[in-house]
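# Examining the three-dimensional arrangement
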Amino acid sequence: MKNRGVENSIADVEVTAGQDARVILSGRLDAASVAANWARVVEPLRQGRAAATDIDASGVEYCDGAGVGLLIELRRIAARNGGQATIHGLPAKLAPLVEMASLDDPTVCALDPPPPAPVLVRVGRSASELLRDALQMITFTGEVIAALCWAIRHPRQVRWRDVRMVAEKAGVNALPVASLLGALVGAIVAYQTAAPLRNFGADADVYVADIIAVAVLRELGPLITAILAAGRTGSAFAAEVGTMKVTEELDALSTMGLSPVRFLIVPRVLATVLVLPFLCVFVNLISIAGGYAVFASLGYPWATFWRRTLEVVNYVDLLGGLFKMLVFALLVAAIGCQRGLVTKQGPGAVGDSTTRAVVTGIVLIIAADWLLGAAYFRLGI
Amino acid sequence: MNERAANPAGEPLIRVDDFVAEYDGRLVLDHVSLEIKRGEVFVIAGGSGCGKTTLLKHMIGLCKPAGGRILIDGCDIGQAAGAELACLLRRIGVAYQGGALFGSLTVLENVRLPLEEHTDLPPDAIDMIAVSKLKLVGLEDALHKLPAELSGGMTKRAALARAIALDPQIVFLDEPSAGLDPITSAELDALILRLAGLLHTTFVIVSHELPSIFAIADRVVILDAATKTVVALGPPAELRDHCPNESVRAFLTRRPPTTTHLAPPRNECRGLQATGDYP
C-alpha cells in the first residue's frame, strides 16, 4: 500500500505486506503541513498494523512542535503494534529537539483521563462529604452562638463600623428592589384572589383586603425579604469571605490571633439580624399598598380596605412575621458566611460557594418557614 | 553568564521606540527606547514599581502606549488591530507570574487550548504536540492534573508549556522565578536556557531575581522608578562590574545603594553599552 502525491505533501508512506512500513518525510514539518498531511501519514500505519517503521527524515528542512508531534505519533503507533520506529537522517540541528520532546516509552503516555471511580466509591464519597458538611455546619453554629454571646457580653469590642456598613448594604441598598418585589407580589395576590372570591358572591371580592393583610404580614413579607436577602446578602457574604479565604486573609487573621468568626462573621450576622426586620416591615407596607392598588381598581374605597385590614390582623400577626424574619435573617447571614469559610482553592471555588450559599439559604428558609408555620398552628397563633 | 550561544549582532526582533506609558494620567515609563535581538534571552529588571511589568504588558499588546511605539518584527503592536493583531499575537507566547492556567482544565487541556483555537490540526495531532511540549518542560506525568493540584514550580512549567504550544517566535515570561525555592528556580532557569537553545526562540523575561538574571540573560535592561526610564542596558556581568552608575552596580550586587534610586547620570550606561566601551 502506497500513499503519496497530495498538494503540500511532506511525506511518502509505504506499508509493505511484511508488516514493515517506510515513511519518507521532507520539507517543512509545521502546523499547516502537518495538519494537511496527518491523516494521510498516520492512518495507513494504523490500519496496516505496521510494527517496524523506518522514518527517513533526511529531507526535513524545518520541524516545529507539530512535526515533533507527528514523529511521536509514528513512534507510538509502532510501539502499539509491538515494534519500534527508527528515525534516521534527521538534520543535526533538529535532532536535540525531537529527542528532548520524545517520550522514553511512547506507550506509557496515557492520554485518556483516569477512569471514574466505581459507583459505590462515588456514593460513599458523596455521603462522606454530606456528613462532613453537616458537621461543619454544626460546629459553625456553635461557634456563631458562642461569638454572639461574647458580643452581648462585650458590646464595645464588636466592630460596629463594619456592622453599620453591612447593614447599609443589606438593608438600605436593598430598598429599591424590595419595594418593587413587595408591590408586585401584593398586586399579584390581590389579582389571584379576587377572581375566585367572586364565585362566592358579587361583593365577596371585598375579602381581598383580608387575604392580603394576613398573607403579607404572616407569610409573604418575611418570605420575600428572606429570599431577596439570600440572593443579595447571603451570596455577597459567601463571595467576600470566600475570596478572603482564597487570598489567605483568613489565615492572616488567625495568625494575628484574631478569630475570623468574631472579626468577620459577628458583624455580618448582627447587621443582618438587626436590619432585615426593618426591611421586612417596609416590604409589608409596600406589599399591602400594591394589594390596595388592585383593591381600589375593583371599586372599593380606602376606608373599606383600612377597616377590613384592622379587623382581620393584630399585633400577633405582625410580631409572628417579624420573628420568622429574625430566624430567616440569622439563617441567611450564617449560611452565607459559613459557605464562604469553607471555600476551597481554585478560580471556581468562590463561585461554587456563592451558589451553595444561595441554594442552601433558600432551602433552609423554606424548611424553617414550614417548621414555624406548624408551630404557630399548634400554638394557635 | 550562560553558555548558550546568543546572537548579539542579530537583527532586532522587538524595537521599543521612544515609548511612554501612563496609567490614568500617571506617568509610569518615560521615553524608553531599546532593541531586543532575535534569539536572545533578554531580561527586564529594576526595583519594585519601576515599570517592568508595564513594559511587558505593552509589548504583548495588553495596553496601548501613551507615546512612542513598540515594533514586533516591524509591526506596531500598539496600532495593530483585527487580523494583523491576531497574526502578531499568534507569534508570541506569554507565561504570567501566577501561571494563569485555566483552573477548570487539566494541564493537558490547558496546553491543547491554543492549538485547538489557532490550528487546523486533528485532535490526535494536538494531543501529541501538547504531550511533546509537556515533555519538554518535564510535566509528562502530570497531564491530567488540575492546576490546583500543581506545586508552584509545576505551575510555572505548565504555563511555559502553554506559552510555547504554538512555537512562538517570542516568549514573554513575567517573574518566572518569583515565589520558587532556589533549587526549583535554578531548574526553571536551566529549562528556559534549554528551550531557548532547542527552539531558537527569543525570550523576554521580567525578573528581579539576581541569580536568575546572571544565569540566563544575554542582556538586561535596568529600569528606574525615579527617572521612569532606562538607566542601564547590557550583559549583566558587564553592568555589574563596569557600569559607571553606582546604583546599577549596587542593584546587581544586591547592596543597599548610597542614593535612593537608580538615578542618573541619565543614559550613562546606555551610552557605554551602545559603543561596547566599558571602562
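Fair warning: this is a prediction, and the values are worked out from it, not measured in the lab.

Bringing the side chain of Asp 76 of chain B into the picture now. All names here are of chain B. Mapped onto the fold, Asp 76 is located in strand 5 (residues 75-76). Although Asp 76 is buried, it forms no salt bridge, and the closest oppositely charged side chain is Arg 69 at an N-O distance of 5.4 Å. Within the local environment of Asp 76, its side chain forms a polar contact with the backbone nitrogen of Gly 78, the two atoms lying 3.0 Å apart. Apart from residues lying up to four places away in sequence, Asp 76 is in contact with Arg 69, Ile 70 and Leu 71.

Once that is clear, we can look at the packing of helix 2 (residues 65-80) of chain A against helix 4 (residues 123-136) of chain B. Put simply, helix 2 of chain A and helix 4 of chain B touch, their axes get as near as 8 Å, and they point 100 degrees apart. Between helix 2 of chain A and helix 4 of chain B, the angle falls in the class roughly perpendicular. On helix 4 of chain B, the residues touching Gly 65, Ala 66, Val 68, Gly 69, Ile 72, Glu 73 and Arg 76 of chain A of helix 2 of chain A are Met 128, Ile 129, Ser 132 and Lys 133 of chain B.

Attention now goes to the packing of helix 4 (residues 119-153) of chain A against helix 11 (residues 315-341) of chain A. All names here are of chain A. Contact geometry for helix 4 and helix 11: axes closest at 11 Å, N-to-C directions at 120 degrees. By the angle between their axes, helix 4 is oblique relative to helix 11. With respect to the hand of their crossing, helix 4 and helix 11 are arranged in right-handed fashion. In contact with Asp 133, Gln 136, Met 137, Phe 140 and Leu 148 of helix 4, helix 11 contributes Leu 330, Ala 334, Ile 335, Cys 337, Gln 338, Arg 339 and Leu 341.

With that settled, consider the domain arrangement of chain A. In many reports, interface size means the accessible area that the parts give up when they come together. Partitioning chain A into structural domains gives domain 1 (2-101) and domain 2 (121-379). The C-alpha-based centres of domain 1 of chain A and domain 2 of chain A are spaced at 66 Å.

So, about the confidence of the model for chain A. Atomic detail in the predicted coordinates should be set aside for any region of low pLDDT. Taken as a whole, chain A shows an average pLDDT of 86; of its residues, 92% reach a score of 70 or greater. Here residues 1-7 of chain A is a poorly scored stretch, pLDDT under 50, and it has 16 contacts once near neighbours within four places are set aside; other chains count.

Per-chain confidence: chain B averages 84 in pLDDT, with 88% of residues scoring 70 or above. In this model, residues 264-279 of chain B is a region of pLDDT below 50 whose contacts with residues beyond four sequence positions or in other chains number 32 contacts.

Turning to the environment of Asp 317 of chain A, a few remarks are in order. Residues and elements named next belong to chain A. Within the secondary structure, Asp 317 sits in helix 11. Taking the relative accessible area as the measure of exposure, Asp 317 reaches 9% and is therefore buried. Expressed as a C-alpha distance, the spacing of Asp 317 and Val 214, which sit 103 residues apart in the sequence, is 7.4 Å. Excluding its chain neighbours within four sequence positions, the residues that come into contact with Asp 317 are Leu 217, Arg 218 and Val 312.

Residues and elements named next belong to chain B. Per the domain assignment, the segments of chain B are domain 1 (12-91 + 170-275) and domain 2 (103-167). For domain 1 versus domain 2, the separation of C-alpha centres amounts to 27 Å. Opposite the 16 residues of domain 1 that make contact, domain 2 presents 12 residues. Around 1100 Å² of area is buried between domain 1 and domain 2 when both sides are counted, 75% of it from carbon and sulfur atoms. Ranking the residues of domain 1 by area buried against domain 2 places Arg 90, Leu 191 and Leu 195 at the top, with a combined share of 41%. Counting the contacts that link domain 1 with domain 2 gives 0 salt bridges. At the boundary of domain 1 with domain 2, the tally comes to 3 residue pairs in polar contact (both at pLDDT 80 or more). Those elements that place two or more of their residues in the side of domain 1 that touches domain 2 are strand 7 (170-174) and helix 6 (182-199). Among the elements that line the side of domain 1 that touches domain 2, the one with the most residues is helix 6, at 8 residues. When grouped by side-chain class, the residues that make up the side of domain 1 that touches domain 2 number 12 nonpolar, 1 polar and 3 charged.

Estimates place the volume of the largest pocket at around 730 Å³. Elements that contribute at least two residues to the lining of the largest pocket include exactly helix 12 (349-379) of chain A together with helix 5 (152-163) of chain B. Class assignment of the residues belonging to the lining of the largest pocket gives a composition of 11 nonpolar, 13 polar and 7 charged. In this structure, the second largest pocket spans a volume of roughly 540 Å³. Along its surface, the second largest pocket is lined by 20 residues, and Leu 89, Ile 92, Gly 93, Val 94 and Tyr 96 of chain B are the ones closest to its centre. Within the residue set of the lining of the second largest pocket, elements represented by two or more residues are helix 2 (82-90), strand 6 (92-95), helix 3 (107-118) and helix 5 of chain B. Among the elements that line the lining of the second largest pocket, the one with the most residues is helix 3 of chain B, at 4 residues.

All names here are of chain A. Where helix 10 (residues 302-312) is concerned, the buried positions are Thr 304, Phe 305, Arg 308 and Thr 309. For helix 10, the arc enclosing every buried residue in end-on projection is 125 degrees, short of the 170-degree limit, so these residues lie on one face. In this structure, helix 10 carries Ala 303, Leu 310 and Glu 311 as exposed residues pointing more than 90 degrees from its buried face.

Attention shifts here to the packing of aromatic side chains. Here the distance between the centres and the angle between the planes together describe a pair of aromatic rings. Residues and elements named next belong to chain A. Counted according to the given criterion, the structure contains 6 aromatic pairs over all chains. With a centroid separation of 4.8 Å and 20 degrees between ring planes, the pair formed by Phe 295 and Tyr 300 is classed as stacked. Across the pair, Tyr 300 and Phe 295 agree in class, each one buried. One aromatic cluster is present, built from ring pairs that chain together Tyr 292, Phe 295, Tyr 300, Trp 302, Phe 305 and Trp 306. Residue placement shows Arg 28 over the ring face of Tyr 62; its charged tip is 4.2 Å from the ring centre.

To continue, consider the interface of chain A and chain B. Contacts between the two partners involve 27 residues from chain A, matched on the other side by 24 residues from chain B. With both chains or domains summed, chain A and chain B bury close to 2000 Å², and 74% of this area falls on carbon and sulfur atoms. Applying the counting criterion to the chain A and chain B interface returns 1 salt bridge. Asp 124 of chain B is the salt-bridge partner of Arg 46 of chain A, the closest N and O atoms lying 2.7 Å from each other.

Take empty space enclosed by the protein next. Under the counting rule described, the total for this entry stands at 4 cavities of 30 Å³ or more. Its boundaries defined by the atoms lining it, the largest cavity holds a volume of some 80 Å³. Lining the largest cavity, in full, are Ala 95, Tyr 96, Gln 97, Lys 156, Ala 159, Leu 160, Leu 173, Asp 174, Glu 175, Pro 176, Leu 188 and Ile 192 of chain B. Counting residues per element, the ones that place at least two in the lining of the largest cavity are helix 5, strand 7 and helix 6 of chain B. With 3 residues, the top contributor of residues to the lining of the largest cavity is helix 5 of chain B. Residues that form the lining of the largest cavity fall into these classes: 8 nonpolar, 1 polar and 3 charged. For the lining of the largest cavity, the domains that each give at least three residues are domain 1 (12-91 + 170-275) and domain 2 (103-167) of chain B. Taken as a whole, the second largest cavity encloses approximately 60 Å³ of empty space. Surrounding the second largest cavity, Ala 31, Asp 64, Gly 65 and Ala 66 of chain A together with Arg 90, Leu 115, Thr 119, Leu 121, Ile 129, Ala 165, Leu 166 and Asp 167 of chain B form its lining.

Before going further, it helps to spend a moment on the pattern of salt bridges. Applying the stated criterion across every chain, the model contains 27 salt bridges over all chains. With a shortest N-O distance of 2.7 Å, Asp 54 of chain A and Arg 22 of chain A are connected by a salt bridge. With Asp 54 of chain A in strand 4 (residues 52-63) and Arg 22 of chain A in strand 3 (residues 20-29), this residue pair connects regions lying 32 residues apart in the sequence. Under the relative-accessibility criterion, Asp 54 of chain A is labelled partly exposed at 22%. Judged by relative accessible area, Arg 22 of chain A falls into the partly exposed class, the value being 35%. Here Arg 218 of chain A makes a salt bridge to Asp 317 of chain A, at a shortest N to O gap of 2.5 Å. Linking Arg 218 of chain A in helix 7 (residues 208-246) with Asp 317 of chain A in helix 11, this pair joins segments that are 99 residues apart in sequence. On the basis of relative accessible area, Arg 218 of chain A is assigned to the partly exposed category, the value being 26%. Through salt bridges with shared partners, a single network forms among Glu 43, Arg 46, Glu 73 and Arg 76 of chain A together with Asp 124 of chain B.

Basis of the calculations
Residues numbered from 1 in each chain as written. Chains lettered and ligands numbered in written order. Predicted model: local features only at pLDDT ≥ 70, side-chain atom pairs only at ≥ 80, totals over all residues. Heavy atoms only, no water. Helix = DSSP H or I, 4+ residues; strand = E, 2+ residues; numbered from the N terminus. Buried < 20%, exposed > 50% of the residue type's maximum accessible area, 1.4 Å probe, protein only. Lys, Arg positive; Asp, Glu negative; His and termini not counted. Salt bridge = Lys/Arg side-chain N within 4 Å of Asp/Glu carboxyl O. Polar contact = N/O pair within 3.5 Å; in protein donor to acceptor, adjacent residues only side chain to side chain. Contact = heavy atoms within 4.5 Å. Axes fitted to C-alpha atoms, helices over the stretch in contact; angles between N-to-C directions. Parallel < 35°, antiparallel > 145°, perpendicular 65-115°, else oblique. Left-handed = near helix turned anticlockwise from the far one by under 90°. Domains from an automatic or database assignment. pLDDT = per-residue confidence, 0-100. Buried area = accessible area lost by both parts, 1.4 Å probe. Nonpolar A, V, L, I, M, F, W, Y, C, P; charged D, E, K, R; others polar. 1 Å grid on protein atoms, 1.4 Å probe; cavity = no way out; pocket = protein on both sides within 12 Å on 5 of 7 lines; lining within 4 Å. Points joined across faces, edges and corners; volume = space filled by probe spheres on them. Arc of directions from axis to C-beta. Phe/Tyr/Trp six-rings, centres within 6.5 Å; stacked < 30°, edge-to-face > 60°. Lys NZ or Arg CZ within 6 Å of the ring centre and 35° of its normal.

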